[in-house]
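Here's the letter readout for the chains.
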Amino acid sequence: MWFYMARHPTKFLKEEYQKIQAEGREWVHRTLETPSTSRVTVEGKELLMMCSNNYLNLSNNPHLRKRAIEAVEKYGAGSGSVRAIAGNMWIHEEWERKHAEFKEQEAAQVYMSGFIANEGAIPQMVRKGDFIISDALNHGSIIDGVRLTKTERSIYAHTDMGELEQRLIEANNKDPNGEKRILIITDGVFSMDGDMAPLDEIEKLGTEYGAMMFVDDAHGDGVLGSNKSGKGIVDHFGLQGKFHVEMNTYSKAMGVVGGAITGSQDLVNYLRNTARSYLLSGSQPPAIAGAAIGALEVLTPGGEFYEPLVPKLLDNCEYFKKEIVNIGFNHEITAASAKAPTAIVPVICGENETATAMSNRLMDEGIFALPIMFPMVPRGTSRIRVMMSAGLEREDLEFSLGKFEDIGRELKIF
Ligand SMILES: Cc1ncc(COP(=O)(O)O)c(C=O)c1O
């Protein structure tokens, strides 16, 4: 037998990790010792939480906890199988029914996470020879979902409707008989900048050029919506039934975990039989489904468990975004995000070192807010990405704005 003695099959692991560390790209994982709410203990220090996606402060909400416990007591800890074989419980069906009802859509299908929903659904919507047209700042889960296809893809500059139209014309020119599918795909709220996709304009163009339209509403769920409903970006623009596919997540405003594809019954019937990440992966544990149903109950106006968390979140967002610009963080990205009623506030600091120093100093002063840096965002726009929450009170916002102002001056950001 021949041995390749010189080969070290896993040597790259340490080398790559060391490279990541040397280049300052390591994600140092902070450890919470308490539930994720607006006040947390992180490695022994009490901090104001300003960087979680728990926008509605639901992750430790008593009603969700109760629903999770009830579900475990009734159905146990695990589901035992994939949905299509023996893991489909009443509670999964109930979750999907309530989700579709909340979203005012015909049907929904839940997945283990939003990431997995994108990876499962996108490849089933198109075939080899079709066209995908995608916003340049779409989330990594969309990018990975698109990579799983054999479809021709083109990117349009972030929210640039002129370029989107151009791409649609090009696709139609290549397929004058309209035999192929065209899929436009966009984030609803962009996770780094907190701005919104112009969904109404996308819908007009998509309809005109015969395209399918897919929106990832991860950061609009529980935040956007007419009458402060939290029903998401489709409802915000009144486009129910017009946008063909909606991807939702329960890991952010809804305070739990899980993804959903929402739309027509035809869409769900089809994906229930084709999406690989759905068919080939165990179903959600009952506790998750129970807590997710609890979140929908808390968001349903007029219901027994309703809590006005969305209006409170939106008030907090408006106040914090206005004030952060007023105190001097007036970079165009921060100013643009202030115009959108979203919970993401990119507080631009400049270079990586400045954003890191800002985060460290904020932590010294009792605020948990982490930096997002180049290469995740363009050079010179490294930032503290504040995530607003309905769990924060006006005094918390005033306190944190005071600290942002003091440290911003100390670091000569303005
Ligand atoms: C825009 C967007 N889509 C999808 C996801 C994935 O969602 P989940 O956490 O449910 O996997 C995220 C999470 O970061 C996101 O920001």
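Model, not experiment: these values are computed from the prediction.

### Quick notes on the state of the cysteines
Overall, the coordinates contain zero disulfides when judged by the stated rule. As a non-bridged cysteine, Cys51 has Cys349 as the owner of its nearest cysteine sulfur, 13 Å distant. Look at Cys349 and you get buried, because its relative accessible area is 9%.

### Structural notes on the sheet that holds strand β13 (residues 382–387)
Taken in spatial order, the three strands of this open sheet run β10-β13-β12, and their pairing is antiparallel. Looking at strand neighbours, the two that pair on one side only are β10 (344–350) and β12 (371–372), the edges of this open sheet. In this sheet, β13 lies alongside β12 in antiparallel orientation, the contact comprising two bridges. Its bridge partner being in β13, Pro371 is matched across the sheet by Ile384.

### Examining the sheet that holds strand β11 (residues 367–368)
What the three strands build is an open sheet, ordered β1-β2-β11; its pairing is mixed. For this open sheet the edge positions go to β1 (39–42) and β11, each flanked by a neighbour on one side alone. With four bridges connecting them, β1 and strand β2 (residues 45–49) associate as antiparallel partners. The residue bridging Thr41 from the neighbouring strand is Glu46, located in β2.

### A few points about the site of the ligand
Taken together, 14 residues lie around the ligand, and Gly114, Asp216, His219, Thr249 and Lys252 are the ones closest in. Within the backbone of Phe115, an N or O atom sits 2.9 Å from an oxygen atom of the ligand. Separating a nitrogen atom of the ligand from a side-chain N or O atom of Asp216 is a distance of 2.6 Å. Mapped onto the shell around the ligand, the elements with two or more residues apiece are α4 (114–125) and β8 (245–249). Classifying every residue of the shell around the ligand by side-chain character gives three nonpolar, eight polar and three charged.

### What to know about the environment of Glu94
Residue position: Glu94 is located in helix α3 (residues 90–103). Residues Glu94 and Leu239, 145 residues apart in the sequence, show an inter-C-alpha distance of 24 Å.

### What to know about the side chain of Ser81
Note that Ser81 resides in the loop between α2 (62–75) and α3. Taking relative accessible area as the criterion, Ser81 reaches 15% and is therefore assigned buried. Within the structure, Ser81 has its side chain in polar contact with the backbone nitrogen of Ala86 (distance 3.0 Å). With residues up to four places along the chain from it excluded, the contact list for Ser81 reads Ala86, Gly87, Gly282 and Ser283.

### Concerning the environment of Ser400
Summarising the element assignment, Ser400 is placed in helix α15 (residues 394–410). Given the relative accessible area of 0%, Ser400 is considered buried. With 38 residues separating them along the chain, Ser400 and Leu362 place their C-alpha atoms 8.6 Å apart. Not counting residues up to four positions away in its chain, the partners in contact with Ser400 are Leu48, Met50, Phe320 and Ile367. Of the polar contacts made by the side chain of Ser400, one reaches the backbone oxygen of Leu397; its length is 3.0 Å.

### Describing the pairing of strand β9 (residues 259–263)
Counting buried positions along β9 gives five out of five residues, so the element sits mostly inside the fold. Where burial is concerned, the two faces of β9 agree: the one with Gly259, Ile261 and Gly263 and the one with Ala260 and Thr262 are both buried. Note that strand β3 (residues 107–111) and β9 share five bridges and pair antiparallel. Of the residues in β9, the one forming a bridge with Ala107 is Gly263. Pairing of β8 with β9, which is carried by five bridges, proceeds in the antiparallel orientation. Within β9, the position partnered with Glu246 by the bridge is Thr262.

### Section: the domain arrangement of the chain
Per the domain assignment, the segments making up the chain are domain 1 (24–58 + 308–410) and domain 2 (62–299). Each of domain 1 and domain 2 has a C-alpha centre, and these two points are 27 Å apart. Taken together, the contacts link 25 residues of domain 1 with 25 residues of domain 2. Across the domain 1/domain 2 interface, buried area totals approximately 1,900 Å², and carbon plus sulfur atoms make up 68% of it. Looking only at domain 1, the three residues that lose the most surface to domain 2 are Leu58, Val310 and Ile344, adding up to 28% of its buried area. Inspection of the domain 1/domain 2 interface yields one salt bridge. If you look at where domain 1 meets domain 2, you find six residue pairs in polar contact (both at pLDDT 80 or more). Of all the secondary-structure elements, those providing two or more residues to the side of domain 1 that touches domain 2 are α12 (309–326), α13 (332–337), β10 and β13.

### Comments concerning the pairing of β10
Counting buried positions along β10 gives seven out of seven residues, so the element sits mostly inside the fold. Alignment of β10 against β13, held across six bridges, turns out to be antiparallel. Bridge pairing in β13 links Val347 to Ile384.

### Comments concerning helix α5 (residues 140–147)
Along α5, the residues classified as buried are Ser141, Ile142, Gly145 and Val146. For α5, the buried positions fall inside an angular range of 140 degrees around the axis, keeping them on one side. Close packing links the buried residues of α5 with α4, β4 (131–135), β5 (152–156), β6 (182–187) and β7 (212–216).

### Regarding the packing of aromatic side chains
Within this structure, the stated rule accounts for five aromatic pairs. Here the aromatic rings of Trp95 and Tyr250 are separated by 5.2 Å at their centres, their planes lie at 90 degrees, and the arrangement is edge-to-face. In this pair, Trp95 is assigned in helix α3 and Tyr250 in the loop between β8 and β9, connecting sequence segments 155 residues apart. Centre to centre, the rings of Phe329 and Phe414 are 4.9 Å apart; their planes meet at 80 degrees, and the pair counts as edge-to-face. Taken together, the positions of Phe329 in the loop between α12 and α13 and Phe414 in the segment after α15 put the pair 85 residues apart, joining distant regions of the chain. We classify Phe414 as partly exposed; its relative accessible area is 31%. By the ring-pair criterion, three or more aromatic residues cluster together here, those being Phe320, Phe329, Phe404 and Phe414. Just above the ring of Trp90 sits the side chain of Lys74; from NZ or CZ to the centre is 5.4 Å.

About the criteria used
Residues numbered from 1 in each chain as written. Predicted model: local features only at pLDDT ≥ 70, side-chain atom pairs only at ≥ 80, totals over all residues. Heavy atoms only, no water. Disulfide = S-S within 2.5 Å. Buried < 20%, exposed > 50% of the residue type's maximum accessible area, 1.4 Å probe, protein only. Pairing = 2+ DSSP bridges. Helix = DSSP H or I, 4+ residues; strand = E, 2+ residues; numbered from the N terminus. Near = heavy atom within 4 Å. Polar contact = N/O pair within 3.5 Å; in protein donor to acceptor, adjacent residues only side chain to side chain. Nonpolar A, V, L, I, M, F, W, Y, C, P; charged D, E, K, R; others polar. Contact = heavy atoms within 4.5 Å. Domains from an automatic or database assignment. Buried area = accessible area lost by both parts, 1.4 Å probe. Salt bridge = Lys/Arg side-chain N within 4 Å of Asp/Glu carboxyl O. Arc of directions from axis to C-beta. Phe/Tyr/Trp six-rings, centres within 6.5 Å; stacked < 30°, edge-to-face > 60°. Lys NZ or Arg CZ within 6 Å of the ring centre and 35° of its normal.

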